Amino acid sequence: MTFLHNIGLYIIMLQKMFQKPTKWKVMKELILKDTEDTVINSLGIISFVSFFIGGVITIQLALSTTGSFYPNYLVGYATRETIILEFAPTIISIIMAGKVGSFITSSIGSMRVTEQIDALEVMGINSINYLIFPKVIALLLYPFLISIAMFLGILGGMGACVYGGYSTMSDFIEGIQTDFIPFHMIYAFIKTFVFAFILATVPSFHGYYMKGGALEVGKASTTSFIWTCVTIIIFNFLITQMLLG
Amino acid sequence: MISVKNLKKSFDNNPILKGISCDFEKGKTSLIIGQTGSGKTVFLKCLLGLHKYEEGEIIFDNNNLESMNDLEKMTLKSNIGTVFQGSALFDSMNIEENVMFPLKMFKEMPFDEMQDRVNIVLKRVELLNSNKKMPSEASGGMQKRVAIARAIVNEPKYLFCDEPNSGLDPKTAIVIDNLINEITQEQNITTIINSHDMNSVMEIGEKIVFLKNGNLEWVGSKKDIFKTKNKAVTDFVYSSELYKKVRKMYLKS
Ligand SMILES: Nc1ncnc2c1ncn2[C@@H]1O[C@H](COP(=O)(O)OP(=O)(O)O)[C@@H](O)[C@H]1O
Ligand SMILES: [Mg+2]
């Protein structure tokens, strides 16, 4: 029952997000600030994780595909497919659910418990539009972050592969270029846009509708992380089934 | 003037306000007092439109809240200033930006003019040279002053303050109470203050509304409070030895 109630509340929240918009002059500043908080400030961690996990993926692929049975370019090819199809869009989004998601929940949640949201409402401001809409717009830049993750993941893989002596640079690059299906890129970015929307709205929902005090803000962040992950994984499955299945 | 008639509000079938009727006059500070949990905040939030109530009427200068359309409600909201219990300052903005916020959102005026207006109200609440401080760097008393400045920057007709002096030392508490009272008289505002503090009652209690368990138990002024025979009021007001003594001395003289 509460589950259905929350789904309903979430949908109503999405509707309200587009009603009674905040003045553009103010909204512009909010979008810039949220872009910095969510996208720009994640560049470091995302680059770091992509580069090294890319390396690890490649080493493991190389180790399990040794022998003359496999073509030399296979490692590069498999690295590209793994990173573009799954690692960059999905795994990075899960990491972002922890980083950006809990940031969004705790910042909106603490505004709720300290009555800052009430203060917005009594002034006649649509607090849902004011707080959540700029985050959705800011995360439209999320595919940019994922592109960087894809690039650095493959670069890390190449580094690990060539310097670890698992294969040669030219074999790896040949692998990257083998059987490239442009639709896979489209699929990856469709996923990315959906995940961006989930990353902006699900944590906002948990922060906005929380009750209680400072302790509950912490709990809400945890719950929000779990639900953001679950939603991302479910949509990952559905989109993959629809587009590739 | 604000008239409230037979206001009823419950949460999950648990009645919190059980039919409250009361008038709040213009240019005057009315105090709502009562124990923690007696429904003071819920009452204010009904007036503010943050809670939906089941029954009753709330009338702002002959305009019934129920029969207002969205535009009229917006106009009403722009005429209300609110000071929340914990100040509710936006912690991502500095003091000046907090006070400027309502102007930025609702007024089409050049930045310099907004700046001037902000400085005027900050001066009025006696808060100078702190424009660029963040709320977290300000003391409790300063935060309250900022909250008051933000509430009056748009020159409201109505001012609602939820326990404006809670968490302050007694001296600062009285200063804040008096500040609100003076501004109310200067600008002819209809002001309602929630409080559980006897010092406020003695200081600015021209009109006192006593709530108990969601009922309006007693209405009067600070002079009446010494004479009243109402047991609920005397139990609440004279819970400390000091006030018992004060009452004895007052009645003797
Ligand atoms: N949003 C809410 N949901 C359920 N109960 C509430 C809510 N807000 C207040 N209450 C209950 O209403 C009663 C009065 O609360 P309140 O108005 O905050 O008291 P106070 O006089 O201390 O301001 C309390 O028992 C409180 O538990
Ligand atoms: Mg209260």
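For the structure, check the block above.
Residues numbered from 1 in each chain as written. Chains lettered and ligands numbered in written order. Predicted model: local features only at pLDDT ≥ 70, side-chain atom pairs only at ≥ 80, totals over all residues. Heavy atoms only, no water.

Colleague: Looking at this structure, how should I read the interface of chain A and chain B?
Modeller: When the parts of a complex come together, some accessible area is lost, and that lost area is often used as the size of the interface. Listed by partner, the interface residues are 18 residues for chain A and 22 residues for chain B. Taken over both partners, the interface formed by chain A and chain B buries close to 1,800 Å², and the fraction arising from carbon and sulfur atoms is 62%. In this structure, the connection of chain A to chain B is made through six residue pairs in polar contact (both at pLDDT 80 or more). Elements that contribute at least two residues to the side of chain A that touches chain B include exactly helix 2 (24-38) and helix 5 (116-122) of chain A. Of the residues forming the side of chain A that touches chain B, the biggest block, six residues, is contributed by helix 5 of chain A. Of the residues in the side of chain A that touches chain B, the class split is eight nonpolar, four polar and six charged. (Contact = heavy atoms within 4.5 Å. Buried area = accessible area lost by both parts, 1.4 Å probe. Polar contact = N/O pair within 3.5 Å; in protein donor to acceptor, adjacent residues only side chain to side chain. Helix = DSSP H or I, 4+ residues; strand = E, 2+ residues; numbered from the N terminus. Nonpolar A, V, L, I, M, F, W, Y, C, P; charged D, E, K, R; others polar.)

Colleague: It is not clear to me how the side chain of Lys9 of chain B should be interpreted in this structure. Could you clarify?
Modeller: All names here are of chain B. Mapped onto the elements, Lys9 comes out in strand 1 (residues 2-11). Buried and unpaired, Lys9 has Glu54 as its nearest opposite-charge partner, separated by 4.2 Å. Here the side chain of Lys9 touches Lys52 through a polar contact of 2.8 Å, landing on its backbone oxygen. (Buried < 20%, exposed > 50% of the residue type's maximum accessible area, 1.4 Å probe, protein only. Lys, Arg positive; Asp, Glu negative; His and termini not counted. Salt bridge = Lys/Arg side-chain N within 4 Å of Asp/Glu carboxyl O.)

Colleague: What am I meant to see in the site of ligand 1 here?
Modeller: Residues and elements named next belong to chain B. The full set of residues close to ligand 1 is Phe11, Ile16, Gln35, Thr36, Gly37, Ser38, Gly39, Lys40, Thr41 and Val42. Take Lys40: an N or O atom from its main chain is 2.9 Å from an oxygen atom of ligand 1. One of the side-chain N or O atoms of Thr41 is found 2.6 Å from an oxygen atom in ligand 1. Sorting elements by how many residues they give to the shell around ligand 1 places helix 1 (residues 40-47) first, with three residues. Tallied by class, residues from the shell around ligand 1 come to three nonpolar, six polar and one charged. (Near = heavy atom within 4 Å.)

Colleague: Explanation requested: the packing of aromatic side chains in the structure shown.
Modeller: Enumeration according to the criterion identifies 13 aromatic pairs over all chains in this entry. Judged by centre distance (5.0 Å) and plane angle (75°), the ring pair of Tyr208 of chain A and Tyr209 of chain A falls under edge-to-face. Ring centres of Phe24 of chain B and Phe43 of chain B lie 6.1 Å apart, and the angle between their planes is 55°; this geometry places the pair in the tilted category. With Phe24 of chain B in strand 2 (residues 14-24) and Phe43 of chain B in helix 1, this residue pair connects regions lying 19 residues apart in the sequence. In this pair, the class of Phe24 of chain B matches that of Phe43 of chain B, namely buried. Linked through ring pairs, Tyr10, Phe205, Tyr208 and Tyr209 of chain A together constitute an aromatic cluster. Here Arg112 of chain A stacks its cationic end above the ring of Tyr208 of chain A, 4.8 Å away from the centre of that ring. Over the face of the ring belonging to Phe11 of chain B we find Lys9 of chain B, whose NZ or CZ atom lies 4.5 Å from the ring centre. (Phe/Tyr/Trp six-rings, centres within 6.5 Å; stacked < 30°, edge-to-face > 60°. Lys NZ or Arg CZ within 6 Å of the ring centre and 35° of its normal.)

Remember, this is a structural readout, not a statement about activity or role.
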